[in-house]
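Structural features, examined
Listed here are the chains, written in short residue letters.
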Amino acid sequence: MVNEKLQSVRESATKTVLQVAKVVLGFSSYVDGKLMARSSGFLIDWDERSKAGTVLTSARIICSKYSALSQWSGTDEYAPNAEIVAHLLDEDDATVPALLLHYDKHVNIALIKVEIELCAKIPSFSGDVIYGQEIFVLGRDEHQNLTIHHGRVQFMGPNKFQRHHYLFSGCVINQPSIGGPVIDLNGQVWGMANFPGTAFIPSSIILKCLDMWKKYQCIPRMHIGMKLSPIKFLDPIHVERIFRRCNVDSGLIVHEVSHGSVADELGVRPGDIIDSVNGEHIATTIELENLLMRICESHLDEGGVIGSCVDIPVGILHVRKGRKDPRHRSTLSLRLNVAEGVEAFTSGMHPFN
């Protein structure tokens, strides 16, 4: 049954979906001949001379063990030497070997090379986020049939169990469809479906990851040691209450600080509000992640190396019970590592004020 809200655009939406579907593939991974995982992916590049394409998918295709509770645990295990095959969209349901080019544990993306004939246009990425925008999430099920989920970009941020670089589609995605493209009614890619549920990685994060992988053959970022939540996604009553108390209506609320992190040692506590990073106002965790990657990129371009440190000024409003001035502001200098690996979080003992 067609969603009633889509009746007016059914014909154009159908053409868009079917066009993008030509570059959406299914993948399977095996260890010792046993099926480990299935996922979807989509072509982002193709070389006509070599007939080789680059596919973007989820790192879950090579994940042999993952935490069902929190993505911050850092306990996921990967099998990069697993055998990966791509399921072609021909009448014979043929498969071809696929080569893992790179995977990133933190962002949870993987790049795969596959030799394939292409008779379709590679879709372009959209860099802008519009909350409420209608979207489709495409994928392949275990029989390589096209899966289509319809939703809207949700006006919400990640919870304390989810990474900072996620947006949400409002439609539940099943395991085989993870790694598929999130597109709008014009066929532009807004992101990639990630993890069972509604989360997807927006195109702004993906584009920056691809750019850095091409330049450095890795995707560096800085581990800030905090779980954050945007003020802007709170209900208006809550936002107004924060403004009356703290005279701010935008920024990131600190929900938890990783024990032993630089932020912890400098006295950042749950309930504090971050309103600027490196001199820039930050309203969402997506903006923060993009900024941190840009800082890493500039550091490496200027001769810095993976594992070196960068001092980042962070403007913080310290909100404390018992303070005579509950709106004490400070600018802290966080010396953060330019790291390649996954950020693991160690829960501390500080209560949320």
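To start, this report covers the structure provided alongside it. (Residues numbered from 1 in each chain as written. Predicted model: local features only at pLDDT ≥ 70, side-chain atom pairs only at ≥ 80, totals over all residues. Heavy atoms only, no water.)

What about the sheet that holds strand 9 (residues 134-140)?
Spatial ordering of the open sheet is given by 10-9-12-13-14-11, a layout of six strands whose pairing is antiparallel. Here the strands that pair on one side only, and so sit at the sheet edges, are strand 10 (146-152) and strand 11 (167-173). Across the sheet, the mean angle separating the axes of adjacent strands is 35 degrees when strand polarity is ignored. Note: strand 11 against strand 14 (residues 197-202), three bridges, orientation antiparallel. Looking across to strand 14, one finds that Phe 168 is bridged to Ala 199. Of the strands in this sheet, strand 13 (189-193) and strand 14 touch helix 2 (residues 203-216), which is tilted by about 50 degrees from strand 14. (Pairing = 2+ DSSP bridges. Helix = DSSP H or I, 4+ residues; strand = E, 2+ residues; numbered from the N terminus. Axes fitted to C-alpha atoms, helices over the stretch in contact; angles between N-to-C directions. Contact = heavy atoms within 4.5 Å.)

A word on the pattern of salt bridges
The final tally for this structure, using the stated rule, is twelve salt bridges. Measuring nitrogen to oxygen at the nearest pair gives 3.6 Å for the salt bridge that ties Arg 152 to Glu 134. Placement of Arg 152 in strand 10 and of Glu 134 in strand 9 is noted, with a sequence separation of 18 residues between them. A residue is classified by how much of its surface remains accessible, and Arg 152, at 36% relative accessible area, is partly exposed. Assessed through its relative accessible area of 13%, Glu 134 is described here as buried. With a shortest N-O distance of 3.1 Å, Asp 264 and Arg 269 are connected by a salt bridge. We classify Asp 264 as buried; its relative accessible area is 10%. Among the charged side chains, a salt-bridge network with shared partners connects Lys 208, Lys 215, Glu 297 and Asp 301. (Salt bridge = Lys/Arg side-chain N within 4 Å of Asp/Glu carboxyl O. Buried < 20%, exposed > 50% of the residue type's maximum accessible area, 1.4 Å probe, protein only.)

A few points about the environment of Met 226
As for its position among the elements, Met 226 is in strand 16 (residues 226-230). Looking at Met 226, the relative accessible area reads 3%, which means it is buried. Measuring from C-alpha to C-alpha, the distance between Met 226 and His 238 comes to 22 Å, with twelve residues separating the pair along the chain. Once residues lying within four places of it in the same chain are set aside, the contact partners of Met 226 are Trp 72, His 164, Val 254, Glu 256, Val 257, Ala 263, Val 268, Ile 274, Leu 334, Glu 343 and Phe 345.

Overview of empty space enclosed by the protein
Summed over all chains, the structure comprises three cavities of 30 Å³ or more. Together, Ile 224, Met 226, Leu 228, Ile 274, Val 277, Leu 288, Leu 292, Ile 312, Val 314, Leu 334 and Leu 336 line the largest cavity. Contributing elements (two or more residues each) for the lining of the largest cavity: strand 16, strand 18 (273-277), helix 5 (285-301), strand 20 (309-318) and strand 21 (328-339). Each residue belonging to the lining of the largest cavity can be placed in one class, and the counts come to eleven nonpolar, no polar and no charged. (1 Å grid on protein atoms, 1.4 Å probe; cavity = no way out; pocket = protein on both sides within 12 Å on 5 of 7 lines; lining within 4 Å. Points joined across faces, edges and corners; volume = space filled by probe spheres on them. Nonpolar A, V, L, I, M, F, W, Y, C, P; charged D, E, K, R; others polar.)

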